[in-house]
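Summary of the model geometry
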Amino acid sequence: MESNNRKMALAGIAGTIVYAVADAFLYLGTDIASDNKITLWQVPEWRLMASMWIGVIGSLLLLLGFISLAKMFGRVFKKAGKFLILPAFLCIGGVLYMHFALGVYAPLTYNSAVKAGVTAEQFS
């Protein structure tokens with residue numbers, strides 16, 4: 001039992017590293033500190049798709065880590081562990097939302113709009 005939980009916890013840690021690689025595909029070479037949001041959306045589609053698929057793997061690993069955390073909370077805090085795990089549940093949901101909705105789908109939507117003839121000013 002302990003061995004499985006340890007493996008799942010290590011998978012969760014690996015998931016954070018995999019997410020860092022996925023985000024590098026999104027933001028490598030872009031000016032993140034810029035006030036111009038369009039610069040963050042002007043990413044080649046191959047990098048967006050690579051980031052998305054790497055993010056899927058990272059998501060699965062993060063979920064294993066989350067399950068491990070929930071088991072540890074349950075053992076230590078008993079019934080209160082179910083409530084104490086909620087902030088971590090919200091955090092993992094936020095990570096998934098930010099990566100896929102804002103990091104991948106928004107730039108893909110921008111690229112599609114530009115290909116359809118919409119100007120960058122109109123899109124923003």
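Our subject is the structure listed above.
Quick look at the structure, then. (Residues numbered from 1 in each chain as written. Predicted model: local features only at pLDDT ≥ 70, side-chain atom pairs only at ≥ 80, totals over all residues. Heavy atoms only, no water.)

The secondary structure content of the protein amounts to six helices and zero strands. Taken over the C-alpha atoms alone, the protein extends approximately 55 × 25 × 25 Å along its principal axes. Looking at the protein as shown, the accessible area adds up to about 7900 Å², and 73% of this sits on carbon and sulfur atoms. Of the charged side chains in the protein, 10 are positive and 6 negative; the average position of the first set lies 23 Å away from that of the second. (Helix = DSSP H or I, 4+ residues; strand = E, 2+ residues; numbered from the N terminus. Areas by Shrake-Rupley, 256 points an atom, 1.4 Å probe, with all protein chains shown as cover. Lys, Arg positive; Asp, Glu negative; His and termini not counted. Charge placed at Lys NZ, Arg CZ, Asp CG, Glu CD.)

With that settled, the discussion passes to the side chain of Asn-5. Take Asn-5: it is sitting in helix α1 (residues 2-27). For Asn-5, the side chain forms a polar contact with the side chain of Ser-68, separated by 3.0 Å. When near neighbours in sequence (up to four residues on either side) are disregarded, Asn-5 contacts Ser-68, Lys-71, Met-72 and Arg-75. (Polar contact = N/O pair within 3.5 Å; in protein donor to acceptor, adjacent residues only side chain to side chain. Contact = heavy atoms within 4.5 Å.)

Moving on: the packing of aromatic side chains. Overall, the coordinates contain three aromatic pairs when judged by the stated rule. Ring geometry for Phe-25 and Trp-46: centres 6.2 Å apart, planes at 90°, overall edge-to-face. Taken together, the residues span a long stretch of sequence, with Phe-25 in helix α1 and Trp-46 in helix α3 (residues 45-77) at a distance of 21 residues. Residue Phe-25 is classed as partly exposed on the basis of its relative accessible area of 25%. When the centroid spacing of 5.4 Å and the interplanar angle of 55° are considered together, the rings of Phe-73 and Phe-77 count as tilted. Here Phe-77 and Phe-73 lie together in helix α3, a separation of four residues that amounts to about one turn. Here Phe-77 falls in the partly exposed class, since its relative accessible area comes to 39%. (Phe/Tyr/Trp six-rings, centres within 6.5 Å; stacked < 30°, edge-to-face > 60°. Buried < 20%, exposed > 50% of the residue type's maximum accessible area, 1.4 Å probe, protein only.)

Now for the packing of α3 against helix α5 (residues 86-115). Closest axis-to-axis distance for the α3/α5 pair is 11 Å, and the angle between their directions is 170°. In terms of their interaxial angle, α3 and α5 are classed as roughly antiparallel. Class assignment for the residues of the contact of α3 with α5 results in 18 nonpolar, six polar and two charged. (Axes fitted to C-alpha atoms, helices over the stretch in contact; angles between N-to-C directions. Parallel < 35°, antiparallel > 145°, perpendicular 65-115°, else oblique. Nonpolar A, V, L, I, M, F, W, Y, C, P; charged D, E, K, R; others polar.)

Next up on the list: α3. Note on helix geometry: an α-helix contains 3.6 residues per turn, so any two residues three or four positions apart are oriented the same way. Here α3 contains 33 residues, and its C-alpha end-to-end distance of 46 Å stays within 8% of the 48 Å for a straight helix at 1.5 Å per residue. Residues of α3 that are buried include every one of Arg-47, Leu-48, Ala-50, Ser-51, Met-52, Gly-55, Gly-58, Ser-59, Leu-62, Gly-65, Phe-66 and Ser-68, and no others. Lys-78 occupies a position one or two residues after α3 and carries a positive phi of about 55°. (Expected span 1.5 Å × (residues − 1).)

Helix length check: α1, at 26 residues, gives a terminal C-alpha distance of 38 Å against a target of 38 Å (1.5 Å per residue), a fit within 8%. Residues of α1 that are buried include every one of Asn-5, Met-8, Ala-11, Gly-12, Gly-15, Val-18, Tyr-19, Ala-22 and Leu-26, and no others.

Space inside the largest pocket adds up to approximately 190 Å³. Taken together, Ala-9, Gly-12, Ile-13, Thr-16, Leu-62, Gly-65, Phe-66, Leu-69, Met-72, Ala-88, Ile-92 and Val-95 make up the full set of residues lining the largest pocket. Elements that contribute at least two residues to the lining of the largest pocket include exactly α1, α3 and α5. At five residues, α3 tops the list of elements feeding residues into the lining of the largest pocket. Of the residues in the lining of the largest pocket, the class split is nine nonpolar, three polar and no charged. (1 Å grid on protein atoms, 1.4 Å probe; cavity = no way out; pocket = protein on both sides within 12 Å on 5 of 7 lines; lining within 4 Å. Points joined across faces, edges and corners; volume = space filled by probe spheres on them.)

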